[in-house]
Amino acid sequence: MKASATQAAWSVRLAVADLTHAPIRSMLDCIGMAAVLALLIVMWGVKTGLVEGFATQRLETAEGLRVYVTAQSPISLDQVTWLRRQPETAFVQPNISFSNSRGLMQVMHAGSVVRSDVLLLPTGAGDPHLPQGIGAPGPGEVVLGDDTAQALGLKQGDRLQLLMDARSADQSEHRTLLVRGIARTSRWFDRVALLDPALVLEIEARATGAAPALQPPQSYASVRLYARSSQDVARLVSRMRGEGWNAQARELLINERKAIEALVASIFWTIFLLAAAALSVIIGLGLVSRAQSLVKPLMAMRVNGMTRLAVMAVRFVQAGLQSTLAWLIGVSVSYGVATALNTLLPVWLDIIDVTSQPCIIDPGVVLIIGAGLLATTLAATAAAAPFFDSSRDLKGAVG
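Rules used throughout
Every chain is numbered on its own, with residues counted from 1 as its sequence reads. Local features in this predicted model are restricted to residues whose pLDDT is 70 or higher, and side-chain atom pairs enter the listing and the counts only when it is 80 or higher, whereas totals over whole chains, interfaces and linings include all residues. Heavy atoms throughout the structure, all of them, feed into the side-chain values; hydrogens and water do not. Each helix corresponds to a stretch of at least 4 residues labelled H or I by DSSP, and each strand to a stretch of at least 2 residues labelled E; elements are numbered beginning at the N terminus. When a residue's accessible area, from a 1.4 Å probe over protein chains only, is under 20% of the maximum for its type it is buried; when over 50% it is exposed; and in between it is partly exposed. Should any heavy atoms of two residues lie within 4.5 Å, those residues are counted as being in contact. What sets the accessible areas is the Shrake-Rupley method with a 1.4 Å probe; for residues, cover comes only from the shown protein chains. N or O atoms within 3.5 Å of each other form a polar contact, as long as, within protein, one can give a hydrogen and the other can take it, and as long as residues adjacent in sequence are counted only when both atoms are side-chain atoms. One requirement defines pairing of two strands: DSSP has to find at least two bridges between them. As a rule, the C-alpha atoms of each element are fitted with a line to give its axis, helices using only the stretch in contact, and angles between N-to-C directions run from 0 to 180 degrees. One side-chain nitrogen of Lys or Arg within 4 Å of one carboxyl oxygen of Asp or Glu is enough to make a salt bridge. Nonpolar core, defined: a set of buried Ala, Val, Leu, Ile, Met, Phe, Trp, Tyr and Cys residues in which side-chain atoms within 4.5 Å join the residues together.

### What to know about the overall build of the protein
Inference 1: Per the secondary structure count, the protein includes twelve helices and twelve strands.
Inference 2: Residues counted as buried form 43% of the 399 residues belonging to the protein.
Inference 3: Put simply, 80% of the contacts in the protein that link residues at least 6 apart link residues at least 24 apart.
Inference 4: Surface accessibility of the protein: about 20600 Å² in total, with carbon and sulfur atoms responsible for 62%.

As structure tokens, then:
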């Protein structure tokens, strides 16, 4: 037992001594493996954060979750109630007209009046177009689309005037509204304002010359309908079609996501295989180089009574040490690159409407890649065992 422990200690000492004897070569071997590891980790992080995040958020946006309903006849209040009771439904807002109402909004700036023609959308609690943390506007409030707020020069907390009859702006009654929030709707709507449904009904009644309704309508011309998630969209459409509804989803976005995922998968696995091949070449070259430098020391160990297992342990210890060091360097570099990407790209990401971090590194993936490197290195070392075991011939010849 004592002899075995001594030989194991000598194996470790020789492995460390050989690595430190040529530190530049050892470090270059580690850096080569670390570079490939960092590339794989960062690629996986970008695939998870930017690409998959972009594809997912494209579907999880408000319009990605929208279900379009084409009604051939008026939609009854019972049908609206049925839609609201479906487990996949997130928000339903019925409209009394087929086309959305429009109105004029104005505000005073430096003594001059700034006006903008806007799309008036009735809204309510749960509307995915409402900003996060902002509830539905009340009768004296409005949530403006971002392009509407920019056109009028307004921000949250400001006040504006809504012309109740846009046909005669100079004589129309004005309704003062408080800007409750700003919604990012410019991607889907051109200058929109989200209002209390009762106020929209009043504006539509004025536009048609009808008296304002005292009771909620019992039938509607159209509905604005949204599912809870991208997975619920297909289920809700299928359920509605089974009940006779003419319902459609934004299948273009769904197909776009599938295309993005297929493209990313092909690119990722192509680069992954190339990187794995490069890693194998790096490990192989390192093994051949080490084999040549260790021939004489290993032969001397065999001649002096070291067991074959102790001699072979030298290279396995070296492989483990180099793999661990390369993994630590690769992880450090990958986290540094991820931090740089997450710091430098948010402005650009804001343009394409992606809010997730561009590079998300999963610690589990880091550990799996590290274990894969160690297993690959040890397997390659075992495969190259004949290069290190030639000392048997010398000992047999001497004996």
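### Observations regarding the environment of Ile31
Inference 1: Summarising the element assignment, Ile31 is placed in helix 2 (residues 23–60).
Inference 2: Among the residues examined, Ile31 registers a relative accessible area of 42% and is labelled partly exposed.
Inference 3: Once the C-alpha coordinates of Ile31 and Gly330 are considered, the two residues, 299 residues apart in sequence, prove to be 8.0 Å apart.

### Observations regarding the side chain of Glu202
Inference 1: Structurally, Glu202 can be placed in helix 5 (residues 197–208).
Inference 2: A distance of 3.0 Å separates polar atoms of two side chains, one belonging to Glu202 and the other to Arg175.
Inference 3: Ignoring anything within four residues of it in the chain, the contact list for Glu202 reads Met164 and Arg175.

### Looking at the sheet that holds strand 3 (residues 89–95)
Inference 1: Pairing in this open sheet of four strands is antiparallel, and the strands run 3-11-1-12 from one edge to the other. Edge positions in the sheet fall to strand 3 and strand 12 (247–249), since each has one partner strand and no second. The average angle at which neighbouring strand axes cross in this sheet is 25°, direction not considered.
Inference 2: Here strand 1 (residues 66–69) pairs with strand 11 (residues 222–227) via two bridges, running antiparallel.

### Some words on the pairing of strand 9 (residues 192–195)
Inference 1: Neither face of strand 9 is left uncovered, since the one carrying Val192 and Leu194 and the one carrying Ala193 and Leu195 both have all their residues buried.
Inference 2: Alignment of strand 6 (residues 141–145) against strand 9, held across two bridges, turns out to be antiparallel. Looking across to strand 9, one finds that Val143 is bridged to Leu194.

### Regarding the pattern of salt bridges
Between side chains of opposite charge, a pair can form when the charged atoms approach closely.
Inference 1: Tallied over the full model, the rule gives six salt bridges.
Inference 2: One salt bridge in this structure joins Lys155 and Asp158, with 3.4 Å as the shortest N-O distance.

### Describing the side chain of His129
Inference 1: Relative to the assigned elements, His129 resides in the loop between strand 5 (112–122) and strand 6.
Inference 2: Exposure remark for His129: the relative accessible area of 5% places this residue in the buried category.
Inference 3: Within polar-contact distance, the side chain of His129 engages the side chain of Tyr226 at 3.3 Å.
Inference 4: Those residues in contact with His129, other than ones at most four positions away along the chain, are Ala62, Glu63, Ala183, Thr185, Trp188, Phe189, Leu194, Arg224 and Tyr226.

### Topic: the nonpolar core
Inference 1: Counting residues in each nonpolar core, the largest one holds 20 residues, and the members touching the most others are Met33, Ile41, Leu279, Ala326, Ile361, Ile369 and Leu373.
Inference 2: The leading source of residues in this core is helix 2, at eight residues.
Inference 3: If sequence neighbours within four positions are ignored, Ile41 has contacts with Val331, Ser334, Ile361, Val366 and Ile369.

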